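# Results of the structural survey
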Amino acid sequence: MDEGRKLDAHISLALDIGMRMLVCGAQISRVEDSIGRICKALGAVETHVFSVTSGIIVTAFDANGNSATQLRRIHSGSFDLTRMAKLNQLSRDICAKRISAEDVPARLTQIDHECGQPLWAMALFYALISGAFSIFFNIVSPYSWQDGLCAAFSGVILCVLEYWMKRAGLDHVFSVFLVSLLVGLGNVLLVNAGLGKCYDAISIGNIMLLIPGIAMTNAVHDMFVDDMLSGVSRFFRSLVIAFIVTFGFTVAGMLLPGNPIKTQSLFLSQQALQTLLGALGAVGFAMVFQVRGKQLLFAFLGGFLSWGVYCTVGAFTQYEALQYLVATTVLTLYAEMMARILHCPSTIMLVTGWIPLIPGGSLYRSIHALVTGDMMGFINRTLSTFLLMVAMSAGMLLAMTIIHLFSPLRPRGKKKAGKKPNQACTKS
């Protein structure tokens, strides 16, 4: 194989890995960093990587002055944190020379063919998430557990409808609206039958499964770290999906008189129960995102920690943005620490621990105000929601700054003579 074709083949391998990481939910900066390191580990002396949510462009140069450029178009994907961890480990193995370029396709095929969760298991996870977050947002109501059980039932229906929509190959945007409308109509029937008491309380548990809160928060983070193109495109795409989800549930809810969730101060016992429910919701999402084994326990602890810190800070201040800032800072430090202990990407702990903090309820109420014509309510709630997402992004950046400031102070072991240190392909 001549040098030019060899460089092309190596870029293709790096793109195969980067493309899969992006589809699994990896951050743009992590994908670009991984592709650059893989190309250099395979012989490139200079690499330029540009990635957005819908595509990746790579240009690489070898020592002889040969260059090659490749582009990959990325279609929408879904979070799969276990697959992301395996792709991350493959990247590390390439950089550490533990695997040759010829063996990479076989590893990728093995990763691709690993089975996800069966439908019945996904339905149980959807029920857990819907029920937990219905009670989480409506914990002051004497009917919260009754509405939570109804939300768990409609969560199962939502999972089955999503599965059928994907099998039918329907457009993503249309299928999201159709699922929202049908599940909302089902919730109306539950309330009319006397099985549920509050339509909003039941629906908010289902909406947490559909509102792209994680994608929207990641978009704000991308804008903070100067990935403006990716951040803006991801933000507006998430906003469109959020509008469609809320519109579907609002149209269905018009068949009922208004019975909104009431916001009240919580007692300590209610805060403790809410923290437990937030942690259970985080575990539910972790299982939906294909997290397995002992990492589920640490996902539970991350969700418990994030909302526990939020409630603790709330005892000293009424500024919700400050609560989000401190909680996200602590969670990010926890995720980075556990990534080093468990030897897995910090994204696994960070994304699942975020779940109780994602302002899905606030985002739902913002779009609901727009759909119902309450423009002042829409503006106020939208600004408040955006401020919370900015606070979360600032908390992540603050935690990463703390880590970078103190990591040089950690004692390092002596390097063995004649061996280069093992350089990780991606940040943990």
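Here goes a summary of the coordinates provided. These figures come from a predicted structure and were not determined experimentally. (Residues numbered from 1 in each chain as written. Predicted model: local features only at pLDDT ≥ 70, side-chain atom pairs only at ≥ 80, totals over all residues. Heavy atoms only, no water.)

## Details of unusual backbone geometry
With a phi angle near 65°, lysine 97 is a residue other than glycine that sits in the positive phi range. Structurally, lysine 97 can be placed in the loop between α3 (81–95) and α4 (104–112). For glutamine 290, which is not glycine, the phi dihedral falls at a positive 70°. As for its position among the elements, glutamine 290 is in the loop between α11 (268–288) and α12 (295–314). (Helix = DSSP H or I, 4+ residues; strand = E, 2+ residues; numbered from the N terminus.)

## Side note on the pattern of salt bridges
Going through the model one piece at a time under the given rule, you end up with eight salt bridges. Two residues, aspartate 112 and arginine 20, come together in a salt bridge whose shortest N-O distance is 2.8 Å. Taken together, the residues span a long stretch of sequence, with aspartate 112 in helix α4 and arginine 20 in helix α1 (residues 3–23) at a distance of 92 residues. Here aspartate 80 and arginine 83 are joined by a salt bridge, their closest N and O atoms 3.9 Å apart. A relative accessible area of 15% places aspartate 80 in the buried class. Linked by salt bridges that have partners in common, Asp93, Arg98 and Arg107 make up one network. (Salt bridge = Lys/Arg side-chain N within 4 Å of Asp/Glu carboxyl O. Buried < 20%, exposed > 50% of the residue type's maximum accessible area, 1.4 Å probe, protein only.)

## Digging into the sheet that holds strand β3 (residues 67–73)
Strand order in the open sheet formed by three strands is β1-β2-β3, with antiparallel pairing between adjacent strands. The two strands at the open ends of the sheet, each matched to only one other strand, are β1 (46–52) and β3. Shown here is a sheet whose adjacent strand axes are inclined to one another by a mean of 10°, direction ignored. Note that β1 and strand β2 (residues 55–61) share seven bridges and pair antiparallel. Its bridge partner being in β2, valine 52 is matched across the sheet by glycine 55. Where α1 meets the sheet, it contacts β1, β2 and β3, and its direction lies at approximately 30° from that of β3. (Pairing = 2+ DSSP bridges. Axes fitted to C-alpha atoms, helices over the stretch in contact; angles between N-to-C directions. Contact = heavy atoms within 4.5 Å.)

## Considerations on helix α13 (residues 320–342)
With 23 residues, α13 extends 32 Å between its outermost C-alpha atoms, agreeing within 8% with the 33 Å of an ideal straight helix rising 1.5 Å per residue. At the exit of α13 stands histidine 343, carrying a positive phi of roughly 55°. (Expected span 1.5 Å × (residues − 1).)

## With respect to the pairing of β2
With respect to burial, β2 is a largely interior element, five of its seven residues being buried. With antiparallel pairing between neighbouring strands as the criterion, β1 and β2 make up a hairpin whose turn holds two residues. Relative to β3, β2 runs antiparallel, the two sharing seven bridges. Paired with threonine 59 across the strands is threonine 69, a residue of β3. Turn length for the β2-β3 hairpin, with the two strands adjacent in sequence and antiparallel, is five residues, and the turn residue glycine 65 shows positive phi of about 90°.

## Description of the side chain of threonine 385
Its place among the elements puts threonine 385 in helix α16 (residues 375–406). A distance of 3.4 Å separates polar atoms of two side chains, one belonging to threonine 385 and the other to serine 366. At a separation of 2.8 Å, a polar atom in the side chain of threonine 385 contacts the main-chain carbonyl oxygen of arginine 381. Setting aside anything within four residues of it in sequence, one finds threonine 385 in contact with Pro359, Ser362, Leu363 and Ser366. (Polar contact = N/O pair within 3.5 Å; in protein donor to acceptor, adjacent residues only side chain to side chain.)

## A closer look at helix α14 (residues 346–354)
Among the nine residues that make up α14, nine are buried, leaving the element largely enclosed by the rest of the structure. Those residues of α14 not exposed but buried are Ser346, Thr347, Ile348, Met349, Leu350, Val351, Thr352, Gly353 and Trp354.

## So, the side chain of glutamate 162
Structurally, glutamate 162 can be placed in helix α6 (residues 144–168). Despite its burial, glutamate 162 pairs with no opposite charge, the nearest such side chain being lysine 166 at 5.0 Å. For glutamate 162, the residues in contact, after removing those within four places along its chain, are Tyr126, Val179 and Leu210. (Lys, Arg positive; Asp, Glu negative; His and termini not counted.)

## As for the packing of aromatic side chains
Counted by the stated rule, this structure contains 11 aromatic pairs. With a centroid separation of 5.5 Å and an interplanar angle of 70°, the aromatic rings of phenylalanine 133 and phenylalanine 136 are classed as edge-to-face. One end of the pair is phenylalanine 133 and the other is phenylalanine 136, both in helix α5 (residues 119–137) and three residues apart, which spans about a single turn. We classify phenylalanine 133 as buried; its relative accessible area is 0%. Of the residues examined, phenylalanine 136 reaches a relative accessible area of 2% and is grouped as buried. (Phe/Tyr/Trp six-rings, centres within 6.5 Å; stacked < 30°, edge-to-face > 60°.)

## Remarks on the packing of helix α7 (residues 172–192) against helix α10 (residues 228–253)
Contact geometry for α7 and α10: axes closest at 7 Å, N-to-C directions at 30°. When the axes of α7 and α10 are compared, the pair comes out roughly parallel. For the crossing formed where α7 meets α10, the hand is right-handed. Contacts between α7 and α10 involve His172, Val173, Val176, Phe177, Ser180, Leu181, Val183, Gly184, Leu185, Asn187 and Val188 from the former and Arg237, Ile241, Ile244, Val245, Phe247, Gly248, Phe249, Val251, Ala252 and Gly253 from the latter. (Parallel < 35°, antiparallel > 145°, perpendicular 65-115°, else oblique. Left-handed = near helix turned anticlockwise from the far one by under 90°.)

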